[in-house]
Amino acid sequence: MRTVWLLVALVAAVLTLAGTGGAAASADGTITGQVTNGTADVTAPDGLSVTLFTLQNDNIVSEQEALTGSSGRFQFQGLDTDQSLTYVAATTYAGVPYRSEPVQFAQGETQRAADVVVYETIEEPSNVLVESYTVVIEQGRPGVLAVWTHQLLRNTGDRTFVGVPSFRQGEQRRETLYFVLPRAASDIRLLSGLGESTSWVDFRGLVDTQPLRPGQREVVFHYLLPVVAPEVGFSIQSRYPIVSANLLAGDGLVTASPWLTTEGDISAEGKRFRRYSASAITPDGMVATQLEGIRVDNSARNLKWGLLAGVVALLLAALGVGAWWARRRAGARPDHVELERERARLVEEAARLDLQHEAGTLAEDQHARIRAGAKARLVELTRQLREGERS
C-alpha cells in the first residue's frame, strides 16, 4: 500500500544533495579542510583519519582517506567536479562521529573547503534543555487517542553529551536521552531524530543512545493511547528543563489544568485545535491535565495515519517548528532495511515479554495488551515488506 502524503508548507529549508547537470566535468578538483576542536581551550590532535565520501543521488559511490597534518589540516586532490556529485568529510573523535557540511563544485570551480568541528565529551546532561515541547492529541478510533510529540532539544555547552555506559542484552551502550511515555502507550513510531537501532522502549519510556552534539536536535515520535472513559489524565514532562510547551487538543477534546494557559484555536486542513501553553518547566517537573470529551463509542471515525501526519506538520509550521516533515517528503516511503530491523526488534520484544510473563514479573492483562500491539505491528510490517517486494 502506498501512503498518500498531504502537500504541506514548512518554514525550514531542506538541503538537497543532488545537483544539476552541466558541462563535462574534469578530475582536477581539490577539497581542503581543517579539523578543529569546538571545546574551549582544547585543540584537536594531529594525525586524525578523515574520510571523504562521494555521494550521487544520496548514495555513497566512493570514499578515500587522509590524515590531518599541522593544525588539523587535510586535503583531497584529483576529484571529479561533476555537479551531480556531493562531497562530505567525516572523522571520529573520542568515539563520536563528526562530519562537514556537504559541498559541491559549481560549474568552473576546482577548489572547495569542507571543515569539521569536533568536541570533547561529557557524561552528564547538565547542558541539555528542551527549547520547544509540542504535543498534538487527536481522537483516533473509538477509545484511542493519537498522540504526536515534537521536541527541539539543545545542547547549550561546548562538549558532546555521551551519557554513561550501561548494559543491554549483554552489550555495553551509552544511554543519553530519555523521553517520558504513558504506561499504556502503544504503536510507537519514531519519525525524526531517533533510530530503531539506537533506541528502545522500556519501563522508563523511550531511551536513546545517540550522542547529543552541541547545537539543536529535532525529535518527533507518535504513539497511540487507549482509553476506556470519556476523560483521562495526561501530563507534559521531561528529564530536562523545558523552555516552552504547547498542547494542541483537537476533535472536540478539551483540557482543564491550572498549569496551562489557553491560547486560542489553530486550524489546519479544516480541523480545529485548541492550543494550551506552559513555560519554564523544571527538570522532572510535570504539567498535569485532564483530557475530556473523548469518544469511546463506535460512532467515532478512524483516522488515517498519513492524513493526520499532514495536519500535524501544518500545526507545527504554524508554531514555527517542524523541519522533519520536509525531510520526510523527500523520502516518504520507509526503507526496506529499517522495516526488517523493526520486525526483528518486535520479534525479540515479544519473546522478552513472554519470559517476563512466565516469570511472574508482568501482569496478565499488561502482557496481553502489549503483545497484541506488537503482533498487530508485525502483521503491518510484513504487509509493507511484501508490498515493497512487488513494487
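Look above for the structure.
Conventions and cut-offs
- Residue indices follow the written sequence of each chain, beginning from 1 at its first position.
- Only residues with pLDDT of at least 70 get local features here, since the model is predicted, and only at 80 or more are side-chain atom pairs given and counted; chain-wide, interface and lining totals rely on the full set of residues.
- To obtain the side-chain values, all non-hydrogen atoms of the structure were used and water was disregarded.
- Paired strands, as defined in this entry, are two strands with at least two bridges between them according to DSSP.
- Going along the chain from the N terminus, every DSSP run of H or I of four or more residues is numbered as a helix, and every run of E of two or more is numbered as a strand.
- To obtain an axis, a line is fitted to C-alpha atoms, over the contacting stretch when the element is a helix, and the angle between two such axes runs from 0 to 180 degrees between their N-to-C directions.
- Residue exposure (1.4 Å probe, protein chains only): buried if accessible area is under 20% of the type maximum, exposed if over 50%, otherwise partly exposed.
- For this analysis, residues touch if any pair of their heavy atoms sits within 4.5 Å.
- Stacked, edge-to-face and tilted are the three classes for Phe, Tyr and Trp ring pairs, Trp counted by its six-membered ring, which pair at centre distances within 6.5 Å; planes under 30 degrees apart are stacked, over 60 edge-to-face, the rest tilted.
- A ring is scored as having a charge over it whenever the NZ atom of a lysine or the CZ atom of an arginine sits within 6 Å of its centre and within 35 degrees of its normal.

Here we take up the sheet that holds strand E20 (residues 231-237). In space, the three strands of this open sheet follow the order E20-E25-E22, with antiparallel pairing throughout. In this open sheet, the two strands that pair with only one neighbour each are E20 and strand E22 (254-256). Strand-to-strand twist across the sheet, computed as the mean angle between neighbouring axes with direction ignored, equals 35°. Two strands pair when backbone bridges link them, and E22 and strand E25 (residues 286-292) are joined in this way by three bridges, in the antiparallel orientation. The residue of E25 that forms the bridge with Val254 is Glu292.

Attention now moves to the environment of Ala113. Secondary-structure assignment places Ala113 in strand E7 (residues 111-113). Given the relative accessible area of 46%, Ala113 is considered partly exposed. Measuring from C-alpha to C-alpha, the distance between Ala113 and Glu101 comes to 9.6 Å, with twelve residues separating the pair along the chain. In contact with Ala113, other than residues within four places in its own chain, are Thr32 and Val103.

Below, the discussion takes up the pairing of strand E1 (residues 29-37). Relative to strand E4 (residues 73-79), E1 is paired through five bridges, and the arrangement is antiparallel. What sits directly across from Ile31, in E4, is Phe76. Note: E1 against E7, three bridges, orientation parallel. Across the sheet, residue Thr30 finds its bridge partner in E7, namely Gln111.

So, about the packing of aromatic side chains. In total, this model carries five aromatic pairs according to the counting rule given. Ring geometry for Phe74 against Phe76: centres 6.0 Å apart, planes inclined by 65°, an arrangement best described as edge-to-face. In this pair, the class of Phe74 matches that of Phe76, namely buried. The interplanar angle of 25° and the centroid separation of 6.4 Å between the aromatic rings of Phe221 and Tyr223 together place this pair among those described as stacked. Across the pair, Tyr223 and Phe221 agree in class, each one buried. A connected cluster of aromatic rings, assembled from ring pairs, spans Phe179, Phe221 and Tyr223. Stacked on the ring of Tyr98, the Lys or Arg Arg213 has its end atom at 5.6 Å from the ring centre. Arg239 extends its terminal NZ or CZ atom over the ring of Tyr178, reaching a point 3.9 Å from the ring centre.

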